Amino acid sequence: MTMYLDEIDTPALILDLDRMEFNIKRMAAFAKECGVSLRPHVKTHKSPEIAKMQLAAGSSGVCLQKVSEVEVFAGAGINDIFLTNEVVVPEKIERMARVAEMIHLGVAVDDIDVVKKTGKIFKDAGTKLDVYVDVDNGMGRCGVQAKNAAEVAKEVSRHDNLVLKGIMGYEGNVNGAKTKEEQLRLSNVAMDKIVIAKKGVERAGMRVDVVSVGCSVSTWINAKHPATTEVQPGMYALNDHVLVKRGVATMQECALTVVATVMSKPARNRAMVDAGSKAFNFDTGLFPIPLDRKGVVMEHFSEEHGWLHLTGTGTSTKIGDRIRFVPAHCCTAVNQHNEMVAIRGDKMDRLIPVLARGKML
Ligand SMILES: Cc1ncc(COP(=O)(O)O)c(C=O)c1O
């Protein structure tokens, strides 16, 4: 029986398949045009089903951030995963070794002792692991300083069960750059650091086959850099309000919305909807934006309530109205929900489980 968007109980996470497929194809075409591999970060949607759509569109594999996410995706049949994060606790490294028996796995490293520990655990397990030296290329999060990349790479090359693939850098600070000039400047800074790291590793006699970089904003710039071989953006598949503000997506390209119902109209200029911080998350400190609604602004949250300020034609908003909102940050909004309601046009197509929801170990 067909179910229409208007009949879906609220609050619900809605995924517009046409929009997402457009976003997936566009990035795949761009990567191809630039001659680089696209390895999307699928922590964005935490859904193996969507990852398979990205692989079918030409992605070389996927990126994830947590061992528990990797376990879910590997179990669901995704067989080439790069864990773009540092894994330092022996118990977790052992879990990686078990996954590596089933699939092709890679990990990021930024510490010599962790490399030694990882090399020993993989030797004992008799499995192989691809290793990428993580370089801090501007975000100031994890990663070695570019000039020290060779020391870590050298240690990797001493271990039979570790395969030195290359280097990675995540210049996520570019997502915060408000102007195109600043985006370009920070993207260039990121690649300068990557080139220093790459030359250092090569001068020390090792090969750098893969240079993996790129957030959803910088990928549009850094995929064109001659040193880049792979890009790893995540949010491009869904898009969100912040990416619209950064000029890399339009509201029409935002595939993810939360649909809510107006549940109270206490004043002419105020209405309440049944979706608050638990339906959207609020990690950016920015409120979601109503889709196709003039004179309606979300201005405050509590857990189960969203406050709408109404002006002009927006004051005609009434109890029972359904409004779709584009979240400020798609990744953390997805993680609030067990499933996405996938739609085509105004009809529900299917439910897509957020299978790795809440997986953070
Ligand atoms: C290491 C790494 N790579 C790639 C991504 C994806 O980038 P974005 O979320 O900007 O699309 C992230 C996101 O946080 C990340 O941490």
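To start, this report covers the structure provided alongside it. These figures come from a predicted structure and were not determined experimentally. (Residues numbered from 1 in each chain as written. Predicted model: local features only at pLDDT ≥ 70, side-chain atom pairs only at ≥ 80, totals over all residues.)

1. Digging into the environment of Thr84
For Thr84, the position within the fold is in strand β4 (residues 80-86). Residue Thr84 is classed as buried on the basis of its 23 C-beta neighbours within 10 Å. Expressed as a C-alpha distance, the spacing of Thr84 and Met206, which sit 122 residues apart in the sequence, is 21 Å. Setting aside chain neighbours within four positions, we find Thr84 in contact with His41, Cys63, Gln65, Ala108, Met168, Tyr170 and Gln232. (Helix = DSSP H or I, 4+ residues; strand = E, 2+ residues; numbered from the N terminus. Buried ≥ 20, exposed ≤ 12 C-beta atoms within 10 Å, placed from the backbone. Contact = placed C-beta atoms within 7 Å.)

2. A closer look at the environment of Gly247
Relative to the assigned elements, Gly247 resides in the loop between α9 (241-245) and β10 (256-267). Taking the C-alpha atoms as reference points, Gly247 and Ala237, 10 residues apart in sequence, are found 15 Å from one another.

3. Examining helix α2 (residues 48-56)
Taken residue by residue, α2 has Pro48, Ile50, Ala51, Gln54 and Leu55 as its buried positions. Around the axis of α2, the buried residues are gathered within 155° of arc, so they sit on the same side. Where α2 ends, the next residue or the one after it, Gly58, has phi of about 115°, a positive value. (Arc of directions from axis to C-beta.)

4. Observations regarding the site of the ligand
If you check the shell around the ligand, you find His41, Cys63, Thr84, Tyr170, Gly172, Asn175, Cys215, Ser216, Gln232, Pro233, Gly234 and Met235 and nothing else. By residue class, the composition of the shell around the ligand is 5 nonpolar, 7 polar and no charged. (Near = placed C-beta within 6 Å. Nonpolar A, V, L, I, M, F, W, Y, C, P; charged D, E, K, R; others polar.)

5. Brief notes about the nonpolar core
Generally speaking, nonpolar side chains in soluble globular proteins are found buried as a group. Counting residues in hydrophobic clusters, the biggest one holds 111 residues, and the most contacted among them are Leu15, Ile81, Leu83, Ala149 and Ile167. With 6 residues, helix α7 (residues 180-203) is the largest single contributor of residues to this core. Discounting chain neighbours no more than four positions away, the residues touching Ile81 are Gly61, Val62, Leu64, Val70, Phe73, Ala74, Ile103 and Leu105. (Core = buried A, V, L, I, M, F, W, Y, C linked by C-beta atoms within 7 Å.)

That's the geometry; what it means functionally is another story.
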